[in-house]
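Per-entry structural report
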Amino acid sequence: MSMTRALVTVAVVGALATVGLTPAASAEEPTGQAAQRITVNLGQSEGDIMYGANGALYALSDDGVPSDAILAPLKLSTITQKPEGGLQHPNGDALTVSESFFRNGGGDVYVMMQDIYEQWPYEDLGLADYLPRVDSITRQVSEHARSDDFVLVPFNEPDLIWYGLNASDPAQYARNRDRFLADWRTVYERIRAVDPDIRIAGPNESRYDRRFLPDFYAYARDHDVLPDVTTWHELSSSSLRDFQGNYDHYRALERQLGIGPLPINIDEYANRRDLSVPGQLVQWVSMFERNKVYADQAYWDMAGNLDGNVVQTNIPNGGWWFFRWYAAMTGETVRVTPPNPNTIDTLQGLATLDTERRQSHAVVGGTDGDADVVFRDVPAATFGSTVSFTVAEAGWSGYEGAHAAPRVLSRATARVAADGTVTVPLRGMDRMSAYRVVLTPAGSGTPDQPTVPWRGAHEAEDGTITAGQIYTQGTVQNANGYATSGTRDVGSLNQPESRVAFDVSVPTTGAYDVDVYYGNQSGAPASQTLTVDGAAPTTVDYPSTLNWTYRGIRTVRLQLTAGDHTLSLAKGAGEVTLDRIVLTPAATPRAGYEATLADTTGDPRYDYGSSTGTGTGALVLGSGDSVIFDVFAPRDGYYTLTPRHTGGRLTLDVHGTPLSATPGQSLRVLLQAGNNRVTATGSATVRSLDVTGAGDTTGLASYQDTTATLTGQARITDNPHASGGSHIGWLGGPDTSARWTVRAPQAGRYLLFVHYANDERADSDHAYNADVISRTADISVNDGPARRATFRNSYSWSNFWSLAVPVTLERGSNILTFTNPTGLAPDLDLIRLAPVRG
């Protein structure tokens, strides 16, 4: 389908406000269906928000993958990883990754003990083989300084693996059950003999099993081997329908047996079609948070990208922003009533009320069309008689497509109706998007109205296809297919005549950015030829992705005249799969990050006395207070940061560099592509941090591979995809190094951007895991202490990514040395360097 997004008029109970949304249909193009209603009852508390559903299985692959800037904002409650040295996957060792997990405020690390084995399903060598491994794993965890923050999971999916608890024959089931129960007791007691206090989770079946669980918990109670945490998996589309019944059944079972209530961790949840998709994730997270259980997203492809929510090492996609919203909710969750509870692919949501901050957040999504978000029992003591509301959208950007800070669609004020309600209509919703509505007290003045640009989206399957094939992906029936816009894409574009032509229409003459959603696992960068209305072709290059349907985004800028055009993408080098294209007017990126919606430390005061300039008021910082902004940068380079504050001087800490700003002062600051944590302190009243720019590279010094001094086995290797036609390879082992002499115009903090390629993979053919491996390099300045940097797999030896490493340089000449004494560093293309302070 094709769609054009426009401005719509939103009617609010108690007021009428014209606001900008980005819907799928304008007010002049009604959907033809009545708006659905989802109710947020601020008078019905469900208890403190737990952030339980933000966990992930194999979320981290190495210390530093993902980056600290990606992890810190999410407040991860749990992760599940393999034992140190486990053979099931090539990385993701629990003790190793716990360092960055705890450093960034993480909660509990679950250790999947059977992942010590190499095969999938696990090789069954009997307890005689397993018990010494159990001893070793338990000792390792018990000796960790934060052993209280680890949970051991002795068995994984015993209904399917080793024990066959899913046997249909009653006699066979009884034999298998009794074998497992005996082994559970043996392993449990073995763990307790090593560490009497460490927590144990189980039974950890692949599904909720109403036949086995009564037997298990009765036995565990009677033999004093109850788990400390109950775990099972929800990995089916039907889980969205069945989980509530499963949860209720389990709690009733506890009451019947006189045990618990125990914490619950659904330590694998969701299908491939759900991961990275904000609108799908709303459905899962809302039901887990409502029931106050922990939950970890499933691990289908690779470790280290938060199960599909992180691009490269430091770049957020739409799924990351959804979880960032989740982490920003504070106070207590409140009752949300969707139009179709516990129903797959329908409108669902979660919401909170924080009476101290005087905010209510509601995040909804999961459906196309129109919806009314109805806030009931809006407390006058918290909000007064008039509220301000802010609406934003986190869209789907694929697994490997960067997503800028979610665009604010509308801001307005509305009087609370006589019945205590405020209704915020959302028109033309996209089922793959999530929408956040924030209520605050309305101050004096008029909130600024965001400008929402025109947007045109066109599905590849609706284009004119030559020598290609339409495939269906990520439906309910094929839940473990990858997420795809419209559930279809166009592949097999591997013939000389293969092409897809899109008929588009743009409203005005000017420059447009065309985002091409694609997949490429040809093993190297691929290309297509792009023509507009049959004119001279240009080349579009596509970096490798994890596989054909692991969506990335490539952006092309075109000059188009107002009216109709035909854009054609034809086969070039290699092969790609096309999903859709999205056109938007080209513009200098700009974003305003509101202080009242950011993370804070200390005890700042929330001031809603004036709405002028923003919709959510201001933050009053005192001594010891700070506000932390998560700032998105589309690429490495310099940006203009302008704090909107009054009062005294404000200090911004960016990559370890303090920058001072007086009211109204703008700063030129170097940012890395993706998320950047910017901390503001000082006695001041802060409304927002405004950021503009596309990443100016003026002032970045580049040093090619050929300018380095190499020792040992390191050598220059030709590569047509490297920036200078070659790169440094074989950088590893004793007495091997690459040294660059660089110049610093001033002493201080710099960002070193290392352009690298790495496609090392484990020598295995895993059933579901790509087995990608990170590489490391030790980087030292002037022969000082080395800092280890971890370079995530880039899917191809010809895919060169950038990793930012902060370094402190002296004025004048400095020597940067790269080594890896125990292995191989990634292939190095070039390095770029510039001071954080522009």
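This text goes with the structure placed above it.
Remember, predicted model here, so these are calculated numbers, not experimental data.

The next point concerns unusual backbone geometry. A negative phi angle is the norm for most residues apart from glycine, just as the trans form is the norm for most peptide bonds. Residue Pro-66 is bonded to the preceding Val-65 through a cis peptide linkage, with omega at 0°. You can see Pro-66 is positioned in the loop between strand S5 (55–57) and helix H1 (68–71). Cis geometry is adopted by the peptide bond preceding Pro-261, which originates at Gly-260 and carries an omega value of 0°. Note on placement: Pro-261 falls in the loop between helix H6 (239–257) and strand S11 (264–269). Notably, Leu-306 is not glycine yet its phi reads approximately 50°, a positive angle.

Bringing the sheet that holds strand S30 (residues 538–542) into the picture now. If you walk across this open sheet you meet the five strands as S24-S27-S32-S29-S30, and the pairing is antiparallel. Whereas interior strands pair on both sides, the edge strands pair on one side only; in this sheet they are strand S24 (464–466) and S30. For this sheet the average axis-to-axis angle between neighbouring strands, irrespective of direction, equals 25°. Relative to S30, strand S29 (residues 526–532) runs antiparallel, the two sharing five bridges.

Once that is clear, we can look at the nonpolar core. Of all hydrophobic cores here, the largest spans 141 residues; its most connected members are Phe-288, Phe-629 and Leu-652. Those residues in contact with Phe-288 that lie beyond four places of it in its chain are Ala-53, Phe-243, Ile-266, Tyr-269, Val-293 and Ala-295. Residues Tyr-399, Ala-457, Ala-789 and Phe-818 belong to the second largest nonpolar core, which totals 43 residues.

Take the sheet that holds strand S49 (residues 737–744) next. One open sheet holds the five strands; their spatial order is S46-S49-S54-S51-S52, and the pairing between them is antiparallel. The open sheet is flanked by strand S46 (709–711) and strand S52 (787–791), the only strands paired with a single partner. Geometrically, the sheet is characterised by an average inter-axis angle of 25° between neighbouring strands, direction not taken into account. With seven bridges connecting them, S49 and strand S54 (residues 812–819) associate as antiparallel partners. From the neighbouring strand, Arg-739 faces S54, where its bridge partner is Thr-817.

Quick notes on the rules
- Residues numbered from 1 in each chain as written.
- Predicted model: local features only at pLDDT ≥ 70, side-chain atom pairs only at ≥ 80, totals over all residues.
- Heavy atoms only, no water.
- Helix = DSSP H or I, 4+ residues; strand = E, 2+ residues; numbered from the N terminus.
- Pairing = 2+ DSSP bridges.
- Axes fitted to C-alpha atoms, helices over the stretch in contact; angles between N-to-C directions.
- Core = buried A, V, L, I, M, F, W, Y, C linked by side-chain atoms within 4.5 Å.
- Buried < 20%, exposed > 50% of the residue type's maximum accessible area, 1.4 Å probe, protein only.
- Contact = heavy atoms within 4.5 Å.

Spatial relationships are all this shows, so hold off on functional conclusions.
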